[in-house]
Each structure stands twice: as C-alpha cells, then as structure tokens.
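Each chain is listed here by its residues.
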Amino acid sequence: MQKELHPSQQPRVFEELPSRRKQQLMAFDRVLTIMDELRENCPWDRKQTMDSLRHLTIEETYELSDAILEKDLNEIKKELGDVLLHLVFYARIASETGDFDITDVMDSLCKKLVDRHPHIYGEAQADTEEQVKQNWEQLKIKEGNKSVLGGVPGSLPALVKSMRIQEKARGAGFDWEDREQVWDKVREEIDEFRAEFKAGAVHDTERAESEFGDVLFSLVNYARFVDINPETALERTNKKFITRFQYIETKAKELGKSLKDMTLAEMDVFWNEAKTLKN
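Let us look at the structure shown here. Being a predicted model, the structure only gives us computed values, none of them experimental. (Residues numbered from 1 in each chain as written. Predicted model: local features only at pLDDT ≥ 70, side-chain atom pairs only at ≥ 80, totals over all residues. Heavy atoms only, no water.)

**Re unusual backbone geometry**
Link 1 in the chain: Positive phi is not limited to glycine here, since Lys71 has a value of about 55°.
Link 2 in the chain: Along the chain, Lys71 falls in the loop between α3 (50-70) and α4 (73-96).
Link 3 in the chain: If you check the backbone angles, Asp227 has positive phi at about 60° while not being a glycine.
Link 4 in the chain: Of note, Asp227 is situated in the loop between α10 (205-225) and α11 (230-254). (Helix = DSSP H or I, 4+ residues; strand = E, 2+ residues; numbered from the N terminus.)

What follows is the structure, given as structure tokens:
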C-alpha cells in the first residue's frame, strides 16, 4: 500500500490557495520576471557570472547580519530582498546552461527539509531540540558525509567555524557533561597561554599563537554551554567600541584637538562619559 503524502508534499491548485499565499506567489513571479528582463536587457546584469556575484553575495549576507544585530526590521526586510535577488540570479544563470533552474532549487530544498525531519514526515521520534540535532547529524552521515564535521564550510570565519564544529561534535555525543568542566578547561588554557610569557623569557610566537587559539576555542565552548553566540557577542562589543571611540573623536574635535594631541588620561575621561550613554 502506497504511503499517503503529507499535505506539504502534495501539489495545490492555485485557485484553491488562501489569498495571502496567492499574493506571495504572484510577488515571487514578479521577481522572476524582472530577473529575466534584467538578464536579457541590462548590460551589467547580462555580464554577471556566479564567480562575479560571489563576493557581492557575501557582502549582502553581512549587511543582513548587521541589520539583525541592530534589530532594524525595515532594514532586515530590504536586505532579505537583496539576498533573495542573489539566489534568483544564480538560478537564472544556471538555467541558461541547462544545469538547473529555480524550480530545481526549491524542489531540492523541499526534499531536504522533508528528509531531514523524519520526526515530522516519517516515523522517527524527536521531542527535544537536542534530539533533532542528533538525528540531523546521523542523517548527514547516511547521505554520504564521511565525517560529522564534513558539513562545516572551510571558508567560514574562524570564530563561527569553531562554534559549528563544537555543535556538530555535540550532535555526535562528543561533548562535556556540564559547564563547570568547560570553565575549568578555559582556566587551564589561559594558564598555558600565560606561561608562554614568563617574565624576561623570549616566547615562541608559533606556540603562543597555538595556545591563544586554544583559549579562544575553549571560550567559544563555554559560551555555547551558556547559550551565548560568540560571534554575536563579539560583534556587539565591536559596535560598542566603535560608538565609544567615535564619541572621543567628536569631543576632541569640539576642543579643536586631534587624538594624537590628547593624553590617554584625557581620552579616558571621554571614554567613561561614552560608557554612560546608551549604546
């Protein structure tokens, strides 16, 4: 007996869709139509390749990330549109060579979502987020990944990569039992790093760099245990520093000075003032 398809796997007749879904599909159709027209008629759009778009896509992703950190919903909406444009652009380029088109992209996505959620579309059981993650890692191994860590992109920024490596290792059952063990490891790594800089000793730069990497990795591990995203935390601190430093620059200009003409004590006064302001 053939298993009945889940409603999400069955095609639906456009006329029978809710009005909002019709509007969404029509809006997506407009995007595809405009993309076709630009690709055919605009000299810049016609010239683009996947390689030429790559760095622009990365830039758009970071702009979306900035908008999310700023909690600027209007900007998030705009940046999501820019990212969507790139996705449609890649699919259009691939359609010209007959490799795939946007339908193939979405069909592939739908298949992956269904396959990766057997607790929704199959017989598997997963009542917690942790069980879902463990199921994902096992499914990826069955799909052909030679290693649990194989799905971590090599080009990810190091801080993000360390977080993903640790999450995937946890999904395979390789992790600390509690956060106190992780904190002990942080202190151990800090001590080992400090030992490289004993008073009067000439340190080995390569070894010190390795020890510092261990400190960062262990801190990322601890952040994960207390539900802090280290990338987000560091970026918020970056933004906070920029705001406070620019406050010092503004105050220096008001005094008719440049920063190089000010003492550290003078700058500290303005730095402390900036700390009292809302960042």
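Back to the write-up after that little detour.
**Brief notes about a negative patch on the surface**
Link 1 in the chain: On the surface, Glu177, Asp178, Glu180 and Asp184 cluster together to form a negatively charged patch.
Link 2 in the chain: As for its position among the elements, Asp178 is in the loop between α8 (158-171) and α9 (179-195). (Patch = residues over 30% accessible without salt bridge, like charges linked within 9 Å, V, L, I, M, F, W, Y side chains within 5 Å. Areas by Shrake-Rupley, 256 points an atom, 1.4 Å probe, with all protein chains shown as cover. Salt bridge = Lys/Arg side-chain N within 4 Å of Asp/Glu carboxyl O. Lys, Arg positive; Asp, Glu negative; His and termini not counted. Charge placed at Lys NZ, Arg CZ, Asp CG, Glu CD.)

**Digging into the layout of surface pockets**
Link 1 in the chain: Each pocket or cavity is described by its volume, and for the second largest pocket that value is around 600 Å³.
Link 2 in the chain: Residue lining of the second largest pocket: 19 residues in total, with Tyr62, Ser65, Pro157, Val160 and Glu231 positioned closest to the centre.
Link 3 in the chain: Listing elements by their share of the lining of the second largest pocket, those giving two or more residues are α3, α8 and α11.
Link 4 in the chain: It is α3 that contributes the most residues to the lining of the second largest pocket, 8 residues altogether. (1 Å grid on protein atoms, 1.4 Å probe; cavity = no way out; pocket = protein on both sides within 12 Å on 5 of 7 lines; lining within 4 Å. Points joined across faces, edges and corners; volume = space filled by probe spheres on them.)

**Topic: the packing of aromatic side chains**
Link 1 in the chain: Enumeration according to the criterion identifies 5 aromatic pairs in this entry.
Link 2 in the chain: Ring centres of Trp183 and Tyr222 lie 5.1 Å apart, and the angle between their planes is 55°; on these two criteria the pair is classed as tilted. Highlighted residues: Trp183 in helix α9 and Tyr222 in helix α10, separated in sequence by 39 residues.
Link 3 in the chain: For the pair Phe193 and Phe212, a centre-to-centre distance of 5.3 Å together with 45° between the ring planes defines the contact as tilted. One end of the pair, Phe193, is in helix α9; the other, Phe212, is in helix α10, and 19 residues separate them in sequence.
Link 4 in the chain: Under the relative-accessibility criterion, Phe212 is labelled partly exposed at 39%.
Link 5 in the chain: Clustering of aromatic rings is evident, with ring pairs tying together Phe193, Phe197 and Phe212.
Link 6 in the chain: Above the face of the Phe225 ring, Arg170 is positioned so that its terminal group lies 5.8 Å from the ring centre. (Phe/Tyr/Trp six-rings, centres within 6.5 Å; stacked < 30°, edge-to-face > 60°. Buried < 20%, exposed > 50% of the residue type's maximum accessible area, 1.4 Å probe, protein only. Lys NZ or Arg CZ within 6 Å of the ring centre and 35° of its normal.)

**Describing the nonpolar core**
Link 1 in the chain: If you look at the biggest cluster of nonpolar residues, it comprises 7 residues: Tyr247, Ile248, Ala252, Met262, Met267, Phe270 and Ala274.
Link 2 in the chain: Elements with a minimum of two residues in this core: α11 and α12 (264-276).
Link 3 in the chain: In contact with Tyr247, not counting residues within four places along its chain, are Phe270, Glu273, Ala274 and Leu277.
Link 4 in the chain: Membership of the second largest hydrophobic core comes to 6 residues, among which are Met35, Leu53, Val88 and Phe89. (Core = buried A, V, L, I, M, F, W, Y, C linked by side-chain atoms within 4.5 Å. Contact = heavy atoms within 4.5 Å.)

**Examining the pattern of salt bridges**
Pairing between side chains of opposite charge can happen when the charged atoms of each approach one another.
Link 1 in the chain: Using the criterion set out here, one finds 17 salt bridges in the structure.
Link 2 in the chain: Between Arg92 and Asp36 there is a salt bridge, with its nearest N and O atoms 2.7 Å apart. With a gap of 56 residues between them, Arg92 in helix α4 and Asp36 in helix α1 (residues 19-41) connect regions that are remote in the sequence.
Link 3 in the chain: Close ionic contact of Arg164 with Glu167 constitutes a salt bridge, the shortest N to O distance being 2.4 Å. Pair noted here: Arg164 and Glu167 are both in helix α8, with a separation of 3 residues, about one helical turn.
Link 4 in the chain: Residue Arg164 is classed as partly exposed on the basis of its relative accessible area, which comes to 30%.
Link 5 in the chain: Because the salt bridges share partners, they merge into one network encompassing Asp36, Arg39, Glu40, Arg92 and Glu96.

**Some words on the environment of Tyr222**
Link 1 in the chain: Sequence-wise, Tyr222 and Thr250 are 28 residues apart; in three dimensions their C-alpha atoms are separated by 37 Å.
Link 2 in the chain: Tyr222 has contacts with Arg179, Val182, Trp183 and Val186, leaving out every residue within four places of it along the chain.

**What to know about the packing of α11 against α12**
Link 1 in the chain: Contact geometry for α11 and α12: axes closest at 9 Å, N-to-C directions at 130°. Taken as axis vectors, α11 and α12 run oblique relative to one another. For the pair α11 and α12, the sense of crossing is right-handed. Between α11 and α12, the contacting residues are Phe241, Arg244, Phe245, Tyr247, Ile248 and Lys251 on the first element and Met267, Phe270, Trp271, Glu273, Ala274 and Lys275 on the second.
Link 2 in the chain: In the contact of α11 with α12, the residues fall into 8 nonpolar, no polar and 4 charged. (Axes fitted to C-alpha atoms, helices over the stretch in contact; angles between N-to-C directions. Parallel < 35°, antiparallel > 145°, perpendicular 65-115°, else oblique. Left-handed = near helix turned anticlockwise from the far one by under 90°. Nonpolar A, V, L, I, M, F, W, Y, C, P; charged D, E, K, R; others polar.)

**Topic: α9**
Link 1 in the chain: Helix length check: α9 (17 residues) gives 24 Å between terminal C-alpha atoms against 24 Å at 1.5 Å per residue, within 8%.
Link 2 in the chain: Turning to α9, its buried residues number three or more, namely Val182, Val186 and Glu189. The buried residues of α9 occupy an angular sector of 70° when the element is viewed end-on, so they sit on one face.
Link 3 in the chain: N-cap assignment for α9: the residue whose side-chain oxygen lies 3.0 Å from the backbone N of Glu180 is Asp178. (Expected span 1.5 Å × (residues − 1). Arc of directions from axis to C-beta. Polar contact = N/O pair within 3.5 Å; in protein donor to acceptor, adjacent residues only side chain to side chain.)

Interpretation note: all reported values are geometric properties and have no functional meaning in isolation.
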